[in-house]
Amino acid sequence: MIRRLLKIVGDDSALRRCVIRWVVCGVLQGLGFVLLVPVLRELLGGDIGAAARWSAAMVVILVVYAVVRYFAQLASFQAAIGLS
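On a predicted model such as this, the values are computed, not experimentally measured, just so you know.

*Asks:* Go over helix α4 (residues 48-83) with me, naming the residues and quoting the values.
*Replies:* Over its 36 residues, α4 extends 51 Å from the first C-alpha to the last, a length consistent with the 52 Å expected when each residue adds 1.5 Å. Along α4, the positions that sit buried rather than exposed are Ala50, Ala51, Met58, Tyr65, Ala72, Ala75 and Ala79. At its buried positions, α4 is contacted by α2 (13-34) and α3 (36-45).

*Asks:* Can you tell me about the packing of α2 against α3, naming the residues and giving the values?
*Replies:* Closest axis-to-axis distance for the α2/α3 pair is 4 Å, and the angle between their directions is 15°. One element, α2, and the other, α3, form an angle in the roughly parallel class. Residue-level inspection shows Gly32, Phe33 and Val34 of α2 in contact with α3, the latter providing Leu36, Val37 and Pro38. Among the residues making up the contact of α2 with α3, the classes are represented as five nonpolar, one polar and no charged.

*Asks:* I'd like a rundown of the packing of aromatic side chains, residues and numbers included.
*Replies:* Within the structure shown, the criterion is met by one aromatic pair. Where Tyr70 meets Phe71, the ring centres are 5.2 Å apart and the plane angle is 75°; that geometry is what we call edge-to-face. Owing to a relative accessible area of 43%, Phe71 belongs among the partly exposed residues under this scheme.

*Asks:* Please provide a residue-by-residue account of the packing of α3 against α4, values included.
*Replies:* When two helices pack together, their arrangement is given by the angle between the helix axes and by the axis-to-axis distance. In the contact formed by α3 and α4, the axes pass within 8 Å of each other and the chain directions differ by 160°. Taken together, the axes of α3 and α4 lie roughly antiparallel to each other. Read as a crossing pair, α3 and α4 show a hand that is left-handed. In contact with Leu36, Pro38, Val39, Glu42 and Leu43 of α3, α4 contributes Ile48, Ala50, Ala51, Trp54, Ser55 and Met58.

*Asks:* Hey, could you go over the pattern of salt bridges for me, with residue numbers and the actual values?
*Replies:* Within this structure, the stated rule accounts for one salt bridge. Taking the shortest distance from any N to any O, the salt bridge between Arg41 and Glu42 comes out at 3.9 Å.

*Asks:* Give me the environment of Phe33: which residues, what numbers.
*Replies:* Inspection of the secondary structure assignment puts Phe33 in helix α2. On the basis of relative accessible area, Phe33 is assigned to the exposed category, the value being 55%. The sequence separation of Phe33 and Ile61 amounts to 28 residues, and the corresponding C-alpha distance is 9.9 Å.

Definitions and cut-offs
Residues numbered from 1 in each chain as written. Predicted model: local features only at pLDDT ≥ 70, side-chain atom pairs only at ≥ 80, totals over all residues. Heavy atoms only, no water. Helix = DSSP H or I, 4+ residues; strand = E, 2+ residues; numbered from the N terminus. Expected span 1.5 Å × (residues − 1). Buried < 20%, exposed > 50% of the residue type's maximum accessible area, 1.4 Å probe, protein only. Contact = heavy atoms within 4.5 Å. Axes fitted to C-alpha atoms, helices over the stretch in contact; angles between N-to-C directions. Parallel < 35°, antiparallel > 145°, perpendicular 65-115°, else oblique. Nonpolar A, V, L, I, M, F, W, Y, C, P; charged D, E, K, R; others polar. Phe/Tyr/Trp six-rings, centres within 6.5 Å; stacked < 30°, edge-to-face > 60°. Left-handed = near helix turned anticlockwise from the far one by under 90°. Salt bridge = Lys/Arg side-chain N within 4 Å of Asp/Glu carboxyl O.

In short, shape yes, function no, at least from these values alone.
What follows is the structure in structure tokens.
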């Protein structure tokens, strides 16, 4: 489906950047969810210090995800405007 869309719009670098940004968003979001496992394991195990360190790492990943998602959404809007 993506190949067909790229064939229709031609060699549009804005669309390619948009797809790459959304893939990066998906990877970062997945990392955020994966980091829930050690956070909950340490929290339920009673080690609050380790849980806080894992939580800090999760917060950093999710803040980076939020920034990348913001720019991916802007790129999507610009690509949609360019296609219309």
